[in-house]
Amino acid sequence: MILAILLFFLCILSWQDYKEQMIYNAIPITGSIIGLICNYLANNFNNALIGLCFGFVVLGAIYFSILKIKKIEGLGFGDVLTSTMIGTFLGLNETYLSLCFGFCLGFLYCFLFKIKKVALIPFFTFGVIVTQFLGVFYEVIVFDFN
């Protein structure tokens, strides 16, 4: 159920990012709040909170670093908010893997087709799907705090 809600939000954001190259901040913020509520009801609130922080801090650091060094937006702030939303729904391990898959696929796409600017959220969505598909067959644990 939680994954279906996340994929619903990601499909909307992917379409919006692909068509308009812009994200309305209300959608990922609303998704993050719903993700926190769903994980609270599923007794998984701590993992959701850690995922939220991880998603925001990692992409936020990249966003602000590029903005400070190059004086341009290398990522959009909508990408940062979307990674935060993914973190709230999936938690730390799956968010890490999803973002890694998404960035690798986006980089590969840009490299193969020699494109300089691409919508990242469709690649994040594909990264989430790949991570969930792999999670069915393999239990991949990157961070273990137990």
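In what follows, the accompanying structure is described. (Residues numbered from 1 in each chain as written. Predicted model: local features only at pLDDT ≥ 70, side-chain atom pairs only at ≥ 80, totals over all residues. Heavy atoms only, no water.)

**Some details on the overall build of the protein chain**
If you tally the helices and strands in the protein chain, you get six helices and zero strands. Principal-axis analysis of the C-alpha atoms places the extent of the protein chain at approximately 40 × 30 × 30 Å. Counted over contacts in the protein chain with a minimum sequence separation of 6, partners at least 24 positions apart contribute 71%. Accessible surface, the protein chain as shown: approximately 8,800 Å² in total, 71% of it carbon and sulfur. (Helix = DSSP H or I, 4+ residues; strand = E, 2+ residues; numbered from the N terminus. Contact = heavy atoms within 4.5 Å. Areas by Shrake-Rupley, 256 points an atom, 1.4 Å probe, with all protein chains shown as cover.)

**What to know about the packing of helix H3 (residues 45-70) against helix H5 (residues 92-113)**
Relative orientation of the contacting elements H3 and H5 amounts to 30°, with a least axis distance of 8 Å. As judged from the angle between their axes, H3 and H5 are roughly parallel. Crossing of H3 over H5 shows right-handed handedness. Contacts between H3 and H5 involve Asn 47, Ile 50, Gly 51, Phe 54 and Leu 59 from the former and Leu 92, Thr 95, Tyr 96, Leu 99 and Phe 103 from the latter. Partitioning the contact of H3 with H5 into residue classes produces seven nonpolar, three polar and no charged. (Axes fitted to C-alpha atoms, helices over the stretch in contact; angles between N-to-C directions. Parallel < 35°, antiparallel > 145°, perpendicular 65-115°, else oblique. Left-handed = near helix turned anticlockwise from the far one by under 90°. Nonpolar A, V, L, I, M, F, W, Y, C, P; charged D, E, K, R; others polar.)

**Overview of unusual backbone geometry**
Positive phi outside glycine occurs at Gln 21, with the angle close to 55°. Residue position: Gln 21 is located in the loop between helix H1 (2-20) and helix H2 (26-41). Judged by its relative accessible area of 38%, Gln 21 falls in the partly exposed class. Even without being a glycine, Asn 43 presents a positive backbone phi close to 55°. Checked against the element boundaries, Asn 43 lands in the loop between H2 and H3. (Buried < 20%, exposed > 50% of the residue type's maximum accessible area, 1.4 Å probe, protein only.)

**Observations regarding the state of the cysteines**
As enumerated under the stated definition, the model contains zero disulfides in all. The structure places no disulfide on Cys 38, whose sulfur is separated from the nearest cysteine sulfur, that of Cys 11, by 16 Å. Owing to a relative accessible area of 17%, Cys 38 belongs among the buried residues under this scheme. Cys 110 takes part in no disulfide bond, and the closest cysteine sulfur to it belongs to Cys 104, at a distance of 12 Å. (Disulfide = S-S within 2.5 Å.)

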